[in-house]
Amino acid sequence: MDITKKNFIEQLPLIRETIRDATFFAMDCEFTGLASDRTIFPFDTPEEVYLKMVENSPHYIIVQFGLCAFRVEPPAEDNKDAEPRVSYKCFNFFCYPKGRGNVFSCQGESMRFLADNGFDFNRLFREGLAYANESEEQRYRADLKERQATRAATILAAAEEESNEADPKAAKMSDVNAIPVPTELQQQVYDTAASIEEFLQSDRPELIVGNCNAFQRKLIYQMIEQRYIRKVSTSTVSLENNQKAIKVERKRSYEEEQALDEQRRAQENEDLELNVGISLVLQELSKARKLIVGHNMLLDLFYVLRQFFKPLPVDYQEFKKLAKEYFPLLLDTKYLCTNAEIKVDVNSSVLAHVYDAVSKAPFSIPTVHAELPDHQYSVEDEKKHEAGYDAYLTGLCFLGLASRFKVNLLQLSKDNTLRHYMNRIFITRLNDVNYIYLNGKEPSQTRDHIFYVTFPESWRTSDIQSKFKPFGPVHVSWLDHTSAFVSLHNRIAASSVLKTIGYHTGFKVYSFAQFTQMKLQRPGTKRGRIGSGSSSSGNGAGVRCAQPVDQSSREEKAEEESQTIDHTVPAVKRKGKHEDQPPPAVNEANADDSGGWKTVKKARKTFTDNNDW
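Let us look at the structure shown here.

Moving on: the overall build of the protein chain. Scanning the protein chain from terminus to terminus reveals 21 helices and 17 strands. Buried residues in the protein chain amount to 49% of all 613 residues. With the model as given, the accessible surface of the protein chain reaches about 30200 Å², and the carbon-plus-sulfur share is 48%.

Below, the structure written as structure tokens:
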């Protein structure tokens, strides 16, 4: 079901009830842009990746949040051997910032990608739900509480004044504190007073005083308080054009004023919920403390925390604490796909490909039932890149993957196999420790067997491999057209590489430690972070590919098959696409010459469409 500001208040009780009753959730997001991974090197640490994301990520936002709540119920008492019953409800939230002060960034290719996949931008702009982080929500609530308290005090004071004779000293003080009426506005105030006099002589229930700015309304309120405080009551209303106006009514009793104030409070509280908007849903999700499943969910987690809760810390460990504070049980199905048993049957971790793989033996997806017709999706009616549908598909993939280990769906958080994958968030492009572990430290890795090499532009992968042939099999990770990382499978041989490798014109070999120092010394490199070495300019190497020495290179394979690639392929990969493929390179003429790593366009693989990319 699509959730917008038109039906949010009506659906909020059901959403909260669904979250409370669910066994686990699947989520997915659509963004106005993706944090660039071109600054990420294949042998960065997870901490370095996080710091680069914080430093180089523009203020992109989530514009659609998909949540699919799955409920698992035990079989009936008379048929305990049956499978548990699995049901679901899906919600597809449109998110759009409220107010003039909210500014966000857009990435042209990402916006075009959404448009190509049928995203309804008109609905987003007109009906998108507002949101607020914790500090904004606190300010909204404090302001509302103060307004309501002031109004209650005014009503009580008016009632007390009504029961007693007016204090002449107080009236005199009121006149002293009155705002002088500018000459050019005196006629307007006089005309309003005449309209009120006419209204009091008529049988009309109310008088609307419009066409006023805030200062003019203040002067009119002042005039009414001075002349008609015992005769009329006033309130502020919004007209159809969203302009504020003053509603004048005949004086109400204290009881009537209280009843009207209760109505105002109810409306104001509803307006507050609309202003906080989808953040209320994320808060409820956080309170549930239940398993949340995502596919390649690092950016989802990154943006959700930043947009709906609080700014992301620059300290990596603080980020982990923050993530666990709000979402203590996370499972990334992309990381689950790295399991050795699963990789035998799932040879691509693209979301749609994972679903195709787990839809047949040795996997088994249990039958899932939609609890309500308005909250269902179907794989026969694909809605790729609609957040609600992708969340639904992620949930099905998780159920299929879990079946490989005979997981008890009624006790997901206690399963010994799944426990090894909990709170490990997959990171694309890293070659060794490719996840962030929220529960503790990631395994440390030595880099002594890794070398940074530069070479002539005409070299191919086989040329690099031949230079390292005496040291056994190697793994080549391209950076750009003249540089790459080479990692030795035989780590013992690493100590002799720099001493014995042959010389070739334009060919240089550096240890990983030397490469790290080179990064820190490049112009524009931000210092002060432990081992981050990230560039503040946002320029970085796009890792092209990594292949073992015993396989033919993609470059050679591409030539053999005469494959080509359209250079208009988007420079931003969508979540769940071929993350292990080389990124499209930028033309050298357009590359940054301030010291950032440069990449060039080279054909590597043919893709059938943007979704494959």
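Let's shift gears to the sheet that holds strand 7 (residues 244-250). The pairing of strands in a sheet comes from backbone hydrogen bonds and takes either a parallel or an antiparallel form. Here three strands make up an open sheet; going across it, the order is 5-7-6 and the pairing antiparallel. At either margin of the open sheet sits one strand with a lone partner, and together these are strand 5 (206-209) and strand 6 (232-238). Adjacent strand axes in the sheet meet at a mean angle of 25°, parallel and antiparallel pairs treated alike. Pairing geometry for strand 6 and strand 7, over seven bridges, is antiparallel. Looking across to strand 7, one finds that threonine 234 is bridged to valine 248.

Further remarks concern the packing of aromatic side chains. For the coordinates displayed, the defined rule picks out 39 aromatic pairs. Here the aromatic rings of phenylalanine 24 and phenylalanine 398 are separated by 5.2 Å at their centres, their planes lie at 65°, and the arrangement is edge-to-face. Placement of the pair is phenylalanine 24 in strand 2 (residues 24-31) and phenylalanine 398 in helix 16 (residues 387-403), with a sequence separation of 374 residues. For the pair phenylalanine 24 and phenylalanine 398, a shared accessibility class is recorded, and that class is buried. Look at tyrosine 50 and phenylalanine 319: their rings are 4.4 Å apart centre to centre, the planes differ by 25°, and that puts the pair in the stacked class. Here the residue tyrosine 50 occupies a position in helix 2 (residues 46-56), and phenylalanine 319 occupies one in helix 12 (residues 316-326), the gap between them amounting to 269 residues. In this pair, the class of tyrosine 50 matches that of phenylalanine 319, namely buried. Taken together, Phe24, Phe70, Tyr88, Tyr377, Tyr389, Tyr392 and Phe398 form an aromatic cluster joined through their ring pairs. The ring of phenylalanine 199 has arginine 250 lying over it, and the distance from NZ or CZ to the ring centre is 4.5 Å.

Attention shifts here to the nonpolar core. In terms of nonpolar packing, the biggest core is built from 68 residues, with Phe65, Phe93, Ile278, Leu305 and Phe327 touching the most fellow members. With sequence-adjacent residues up to four places away left out, leucine 305 is seen in contact with Lys310, Leu312, Phe319, Leu322, Ala323, Tyr326 and Phe327. If you look at the next biggest cluster of nonpolar residues, it comprises 46 residues, including Leu351, Val358, Val368 and Met422.

Within the secondary structure layout, serine 202 lies in the loop between helix 7 (183-201) and strand 5. Judged by relative accessible area, serine 202 falls into the partly exposed class, the value being 25%. One polar contact links the side chain of serine 202 to the main-chain amide nitrogen of arginine 204, over a distance of 3.4 Å.

Before going further, it helps to spend a moment on unusual backbone geometry. Cis geometry is found at the peptide bond from alanine 361 to proline 362, where omega equals 10°. Tracing the backbone shows proline 362 in the loop between helix 15 (351-358) and strand 10 (368-370). Notably, arginine 289 is not glycine yet its phi reads approximately 55°, a positive angle. Here arginine 289 lies in the loop between helix 10 (279-288) and strand 8 (291-294). Under the relative-accessibility criterion, arginine 289 is labelled partly exposed at 40%. Look at histidine 385: it is not a glycine, yet its phi comes out positive at around 70°.

Okay, the packing of helix 2 against helix 11 (residues 298-308) next. Closest axis-to-axis distance for the helix 2/helix 11 pair is 13 Å, and the angle between their directions is 50°. As far as their axial angle goes, helix 11 and helix 2 are oblique. Of the two possible hands of crossing, helix 2 and helix 11 adopt the one that is right-handed. Mapping the contact onto sequence places Tyr50, Met53 and Val54 in helix 2 and Leu298, Leu299 and Phe302 in helix 11.

Quick look at helix 9 (residues 254-276) now. Compared with an ideal rise of 1.5 Å per residue, which puts 23 residues at 33 Å, helix 9 spans 32 Å between its outermost C-alpha atoms and is within 8% of the ideal. Among all positions in helix 9, only Glu257, Asp261, Arg264, Glu268, Leu272 and Val276 are buried. Directly after helix 9, the chain includes glycine 277, whose backbone phi takes a positive value near 60°.

The rules behind the values
- Residues numbered from 1 in each chain as written.
- Predicted model: local features only at pLDDT ≥ 70, side-chain atom pairs only at ≥ 80, totals over all residues.
- Heavy atoms only, no water.
- Helix = DSSP H or I, 4+ residues; strand = E, 2+ residues; numbered from the N terminus.
- Buried < 20%, exposed > 50% of the residue type's maximum accessible area, 1.4 Å probe, protein only.
- Areas by Shrake-Rupley, 256 points an atom, 1.4 Å probe, with all protein chains shown as cover.
- Pairing = 2+ DSSP bridges.
- Axes fitted to C-alpha atoms, helices over the stretch in contact; angles between N-to-C directions.
- Phe/Tyr/Trp six-rings, centres within 6.5 Å; stacked < 30°, edge-to-face > 60°.
- Lys NZ or Arg CZ within 6 Å of the ring centre and 35° of its normal.
- Core = buried A, V, L, I, M, F, W, Y, C linked by side-chain atoms within 4.5 Å.
- Contact = heavy atoms within 4.5 Å.
- Polar contact = N/O pair within 3.5 Å; in protein donor to acceptor, adjacent residues only side chain to side chain.
- Parallel < 35°, antiparallel > 145°, perpendicular 65-115°, else oblique.
- Left-handed = near helix turned anticlockwise from the far one by under 90°.
- Expected span 1.5 Å × (residues − 1).

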